[in-house]
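The lines below spell out each chain.
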Amino acid sequence: MARRNSRDAELRARAEAVIPGGMYGHQSARLLPDDYPQFFSRAKGTRLWDADGAELIDLMCAYGPNLMGYGDPQIDAAFVAQLAVGDTMTGPTGLIVELAEAMTAMVGHAAWAIFCKNGTDATTIALMTARAHTRRRTVVRAKGAYHGAAPWCNARSAGTIPEDKSHQILCDYNDVASLEEAVAKAGDDLAAVFAAPLKHDAFIDQEQPLAAYARRARELCDDTGALLIVDDVRAGLRIARDCSWSVVGVEPDLSTWGKCLANGHALSAVLGSEKARRAAAAIFTTGSFWFQAAPMAAALATIRRVRETNYLETMQTLGLQLREGLAERAAGHGLELRQTGPVTMPLFLFDEDPDMRKGFFFGAEMLKRGVYVHPWHNMFLNAAMTKSDIDLVLAAADASFAALATARPTLAPVEKMAFLAA
Ligand code: PMP
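As a starting point, this report considers the structure included with it.

Rules used in this analysis
- Residues numbered from 1 in each chain as written.
- Predicted model: local features only at pLDDT ≥ 70, side-chain atom pairs only at ≥ 80, totals over all residues.
- Heavy atoms only, no water.
- Helix = DSSP H or I, 4+ residues; strand = E, 2+ residues; numbered from the N terminus.
- Rg over C-alpha atoms; globule rule 2.2 N^0.38 Å.
- Buried < 20%, exposed > 50% of the residue type's maximum accessible area, 1.4 Å probe, protein only.
- Contact = heavy atoms within 4.5 Å.
- Near = heavy atom within 4 Å.
- Polar contact = N/O pair within 3.5 Å; in protein donor to acceptor, adjacent residues only side chain to side chain.
- Areas by Shrake-Rupley, 256 points an atom, 1.4 Å probe, with all protein chains shown as cover.
- Nonpolar A, V, L, I, M, F, W, Y, C, P; charged D, E, K, R; others polar.
- Pairing = 2+ DSSP bridges.
- Expected span 1.5 Å × (residues − 1).
- Salt bridge = Lys/Arg side-chain N within 4 Å of Asp/Glu carboxyl O.
- Core = buried A, V, L, I, M, F, W, Y, C linked by side-chain atoms within 4.5 Å.

## Considerations on the overall build of the protein chain
Here is step 1: Across its full length, the protein chain holds 12 helices and 13 strands.
Here is step 2: For the protein chain, the C-alpha radius of gyration of 22 Å lies close to 22 Å, the compact-globule estimate for 422 residues.
Here is step 3: Principal-axis analysis of the C-alpha atoms places the extent of the protein chain at approximately 60 × 55 × 45 Å.
Here is step 4: For the protein chain, with 422 residues in total, the buried portion stands at 57%.
Here is step 5: In the protein chain, the share of contacts with a sequence separation of at least 24, taken over all contacts with a separation of at least 6, comes to 75%.

Structural data, given as structure tokens:
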């Protein structure tokens, strides 16, 4: 429910008529506290402005794409310059080769690259490549892990049929015995183990990958001839300047990338090892806009920044300051706040908050103070943030924790949770 008489409310009312459900997918504000805006008007650096002009420090970073700051001048200049000379054409430019060279040089396991648009394109191509390589069907993946919105991995059942998800066996993330059991169940039909780089599911605490789990996944793939796929669409470049499982010393055969690859411009990728090259060449995969040159120019500028600056260390330092500062302030108000995931991709959940009423209340309080946080999805830091942004977030959090601590007995139940669970 948007504030009355706002531009947001007006747009929502009009959207109800012409957009199914008013808005779809993960960006529907129905899934957020009532006062959260559905519509935005602009973004720059670390800031976002809603449709009514309120300025917000944005800890969602567009659900990941904002890595170096919104509208980064150098990256956008590369995009605009390429747009002026040619973008979507009858074929690709040489930038596709340059970008494939840059990515295979950056990512340890990679010998080749295929570029596409969304993360779902990349995960679906990875799945097809593994099936083409092995000529087998079954995929083992972790329960609750998000790999996109295609029928094979869709989180809801509406519009899908059971066959869309057949030949998949689910295991528990970080549980070696469960992984082994799933692989054994696949028998001689295992095409791939599809792994999230960390457990970054919505609504629950995040878990870093255990080295033993990642290593066992590698061994099981080697033993059976299946391909190991790491889905780095969300975590890519926020954990390492390589595939995210490089931090636990495991190289996949395929990795999938998207979101921040071109700092907000539409581009995703599948990277593969030598072993999978023939299969990747055999599958038919394409899209009208997959060869756009301007996002590739933006991606090259982003990768240059990744290679040449301490963007990652900056985000890690600020993320740690945020984590420590929040822990101290929450404790100061007698609140138990669980902060999980890498510091560059934090998730906050309150203890004893089964229907997330505390999380929603806290989010609404933060929003009033100009900070956009998410009550149940991991957030993202970006490299344009500074210590003073973190200080502003902490000051807002201190006041929001205080409000939560006093309001606790009278909080209204969050009825949305029933909708979320559906
Ligand atoms: N994999 C992961 C791990 C993701 O987080 C996402 C998007 N949230 C996807 C795949 C799908 O990406 P997209 O929404 O760009 O299709």
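## Things to note about unusual backbone geometry
Here is step 1: A positive phi angle, near 50°, is found at Glu352, a position not held by glycine.
Here is step 2: Examined against the element boundaries, Glu352 turns out to sit in the loop between strand S12 (347-350) and helix H10 (357-368).
Here is step 3: Since its relative accessible area comes to 72%, Glu352 is described here as exposed.
Here is step 4: A positive phi angle, close to 65°, is found at Met356, a residue other than glycine.
Here is step 5: Classification of Met356 by relative accessible area gives buried; the value is 7%.

## Digging into the site of the ligand
Here is step 1: Every residue near the ligand is listed here: Asn118, Gly119, Thr120, Tyr146, His147, Gly148, His200, Asp231, Val233, Arg234 and Lys259.
Here is step 2: One of the side-chain nitrogen or oxygen atoms of Thr120 is found 2.6 Å away from an oxygen atom of the ligand.
Here is step 3: Within the side chain of Asp231, a nitrogen or oxygen atom sits 2.6 Å from a nitrogen atom of the ligand.
Here is step 4: Considered on its own, the ligand offers 390 Å² of accessible surface; in the complex 88% of this is hidden by protein.
Here is step 5: Tallied by class, the residues present in the shell around the ligand amount to two nonpolar, six polar and three charged.

## What to know about the pairing of strand S7 (residues 190-195)
Here is step 1: Most of S7 sits inside the fold, with six of its six residues counted as buried.
Here is step 2: Taken together, the four bridges between strand S5 (residues 138-142) and S7 define a ladder with parallel strand orientation. Bridged to Arg141 within S7 is Phe194.
Here is step 3: Here S7 pairs with strand S8 (residues 227-231) via four bridges, running parallel.

## What to know about the side chain of Thr134
Here is step 1: The topology assignment puts Thr134 in helix H4 (residues 119-134).
Here is step 2: A polar side-chain atom of Thr134 sits 2.8 Å from the main-chain carbonyl oxygen of Ala130.
Here is step 3: Within the structure, Thr134 has its side chain in polar contact with the backbone nitrogen of Arg136 (distance 3.2 Å).
Here is step 4: With residues near it in sequence (within four places) discarded, Thr134 still touches Leu190, Ala191, Gly225 and Ala226.

## Focus on helix H9 (residues 311-332)
Here is step 1: Helix length check: H9 (22 residues) gives 31 Å between terminal C-alpha atoms against 32 Å at 1.5 Å per residue, within 8%.
Here is step 2: In this fold, the buried residues of H9 make contact with helix H8 (293-308), strand S11 (337-340), S12 and helix H11 (387-407).
Here is step 3: Residue Gly334 follows H9 closely and has a positive phi angle near 70°.

## Comments concerning the sheet that holds strand S13 (residues 371-372)
Here is step 1: A sheet is described by the order of its strands in space; here four strands give the open sequence S1-S2-S3-S13, paired in mixed fashion. Across the chains shown, the open sheet's two edge strands, defined by having one partner strand only, are strand S1 (40-44) and S13.
Here is step 2: The pairing of S1 with strand S2 (residues 47-50) spans four bridges and is antiparallel. In the strand pairing of S2, Arg42 is matched with Trp49.

## A look at the pattern of salt bridges
Here is step 1: Per the stated rule, a full pass over the model turns up 23 salt bridges.
Here is step 2: A salt bridge links Glu55 to Arg47, with the nearest nitrogen and oxygen atoms 3.1 Å apart.
Here is step 3: Under the relative-accessibility criterion, Glu55 is labelled partly exposed at 43%.
Here is step 4: Accessibility expressed as a relative area gives 17% for Arg47, which makes it buried.

## Here we look at the nonpolar core
The tendency in soluble globular proteins is for nonpolar side chains to be buried side by side.
Here is step 1: Among the nonpolar cores identified, the biggest contains 102 residues, and Met103 and Trp245 are the most heavily contacted of them.
Here is step 2: The element that contributes the greatest number of residues to this core is H8, accounting for 10 residues.
Here is step 3: Ignoring sequence-local partners within four residues, the contact set of Trp245 consists of Tyr173, Ala195, Ala196, Pro197, Pro209, Tyr213, Ala214, Ala217, Leu228, Val230 and Val250.
Here is step 4: Membership of the second largest hydrophobic core comes to 22 residues, among which are Trp112, Trp152, Cys153 and Val270.

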